[in-house]
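Residue strings, one per chain:
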Amino acid sequence: MDIPELIRKEGLRRGLSHRTIRTYRYCVRKFFMHCKKDPKEIKKADIKEYLDLLIEKGACGNTINVSLNALRFLYCQILNKRLMIWVRFSKTPKTLPTVLTKEEVIRLIKAINNPKHKLMIKLIYSAGLRVSELVNLKAEHLDIANSYGWVRRGKGNKDRMFVIADTLKKELVEHIFRECPYSSSYLFKGFNDHISTATIRTIISKAAKNAGISKNIHPHTLRHSFSTHLIENGYGVAQIQSLLGHSSVETTMVYVHLAFPKMIN
């Protein structure tokens, strides 16, 4: 029984993102490395014992929940086994994300010397993009004349529109002219196809160090900062929810809590 392939095929049939499928395959593989039984012989006690082991090792709530979801997907959706796993989900502590001030964003960008790298970081921040969305952008996804672009098959396999800042239009046009011979070309190329997310994380880490920013930041910090700064500038939660592509307004509301202390000072 090829469990990873079964997860891949069923995940695609059900419209799961490639990232979710990879995560489920990884979690299930880790489970069977620990519990060396035939998949059809697995009992509820085996899964609970494995989850307890993850907790003892200090795994975070998200790791435990994703592992449980992966095993539920395998047994309930693929193997059609009535394995009633009523394990209470481990709650992930609700901590507010790190954000940069507007001044810190400017310092971060100024600390990047490579023009292409600088353009990538400015686009992530000004459009509120996820790093995975940036690396998968193609020239054909941008309508620069009308100031918008499209994320295609983003998180949850959803498409959404994003705004292109006027200050980036000229740079983007020149970049596309130099780097993108075809409309189907990736906007930011790497060695094989598109630039890697690891490269972007490295760019931001080095820029933060050069800019003297001590906060622990990563690409998603720029998305958090974009959202918080929009709240500070008077944008409504519904508008920001649409720009970010959040399914629930509750996810967007966190940025109100981040912006509120600054707004009352």
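Rules and cut-offs
Residues numbered from 1 in each chain as written. Predicted model: local features only at pLDDT ≥ 70, side-chain atom pairs only at ≥ 80, totals over all residues. Heavy atoms only, no water. Helix = DSSP H or I, 4+ residues; strand = E, 2+ residues; numbered from the N terminus. Polar contact = N/O pair within 3.5 Å; in protein donor to acceptor, adjacent residues only side chain to side chain. Contact = heavy atoms within 4.5 Å. Buried < 20%, exposed > 50% of the residue type's maximum accessible area, 1.4 Å probe, protein only. Pairing = 2+ DSSP bridges. Axes fitted to C-alpha atoms, helices over the stretch in contact; angles between N-to-C directions. Parallel < 35°, antiparallel > 145°, perpendicular 65-115°, else oblique. Left-handed = near helix turned anticlockwise from the far one by under 90°. Core = buried A, V, L, I, M, F, W, Y, C linked by side-chain atoms within 4.5 Å. Salt bridge = Lys/Arg side-chain N within 4 Å of Asp/Glu carboxyl O. Phe/Tyr/Trp six-rings, centres within 6.5 Å; stacked < 30°, edge-to-face > 60°. Lys NZ or Arg CZ within 6 Å of the ring centre and 35° of its normal.

A. Just the side chain of Arg 223, in detail. Examined against the element boundaries, Arg 223 turns out to sit in helix H10 (residues 219-232). Side-chain polar atoms of Arg 223 contact the backbone oxygen of Gly 128, separated by 2.7 Å. The contacts of Arg 223, once residues within four sequence positions are left out, are Gly 128, Leu 129, Arg 130, Glu 133, Arg 160, Leu 244 and His 246.

B. Examining the pairing of strand S3 (residues 160-163) more closely. In S3, alternate side chains face the same way, and those of Arg 160 and Phe 162 are buried while those of Met 161 and Val 163 on the opposite face are not. Inspection of the sheet shows strand S2 (residues 148-151) paired to S3 by four bridges, in the antiparallel sense. Along S3, the bridge assignment pairs Gly 149 with Phe 162.

C. The environment of Glu 174, seen in detail. Secondary-structure assignment places Glu 174 in helix H8 (residues 166-179). C-alpha separation for the pair Glu 174 and Leu 134, spaced 40 residues apart in sequence, amounts to 18 Å.

D. Quick peek at the packing of helix H6 (residues 115-127) against H10. It is at 7 Å that the axes of H6 and H10 come closest, and there the two elements cross at 40°. In terms of axis orientation, H6 runs oblique to H10. Considering the relative orientation of H6 and H10, their crossing is right-handed. Where H6 approaches H10, its residues Ile 121, Ile 124, Tyr 125, Ser 126 and Ala 127 are matched on the opposing element by Pro 219, Leu 222, Ser 225, Phe 226 and His 229.

E. The pairing of S2, seen in detail. The alternating pattern of S2 places Gly 149 and Val 151 on a buried face and Tyr 148 and Trp 150 on a face that is not buried. Note: strand S1 (residues 142-143) against S2, two bridges, orientation antiparallel. Looking across to S2, one finds that Leu 142 is bridged to Gly 149. Linking two consecutive strands that pair antiparallel, namely S1 and S2, is a turn of four residues; a positive phi of about 65° is found at Ser 147 within it.

F. Seen up close, the nonpolar core. The biggest cluster of nonpolar side chains holds 46 residues, and the ones touching the most others in it are Leu 108, Ile 121, Leu 123, Leu 134, Leu 172, Leu 187 and Ile 200. Contributions of two or more residues to this core are made by helix H5 (102-110), H6, helix H7 (131-135), H8, helix H9 (197-210), H10 and helix H11 (237-244). Element by element, the count of residues in this core is highest for H6, at seven residues. With residues near it in sequence (within four places) discarded, Ile 121 still touches Leu 108, Ile 109, Ile 112, Ile 200, Ile 203, Ile 204 and Leu 222. Counting 21 residues, the second-largest nonpolar core is a separate cluster that includes Val 28, Phe 32, Ile 42 and Leu 51.

G. View of the pattern of salt bridges. Applying the stated criterion across every chain, the model contains 11 salt bridges. When the shortest N-O distance is used, the salt bridge between Glu 171 and Lys 122 registers 2.7 Å. With Glu 171 in helix H8 and Lys 122 in helix H6, this pair connects stretches of sequence that are 49 residues apart. On the basis of relative accessible area, Glu 171 is assigned to the partly exposed category, the value being 27%. Beyond isolated ion pairs, a larger network of salt bridges with shared partners links Glu 10, Arg 13 and Arg 14.

H. Layout of the sheet that holds S1. Sheet architecture is open: three strands sit in the order S1-S2-S3, paired in antiparallel fashion. This sheet does not close on itself; its edge strands, each paired only once, are S1 and S3.

I. Quick look at the packing of aromatic side chains. Within the structure shown, the criterion is met by four aromatic pairs. Pairwise contacts between aromatic rings join Phe 31, Phe 32 and Tyr 50 into one cluster. Across from the ring centre of Tyr 186, 5.1 Å away, lies the NZ or CZ of Lys 138, which sits over that ring.

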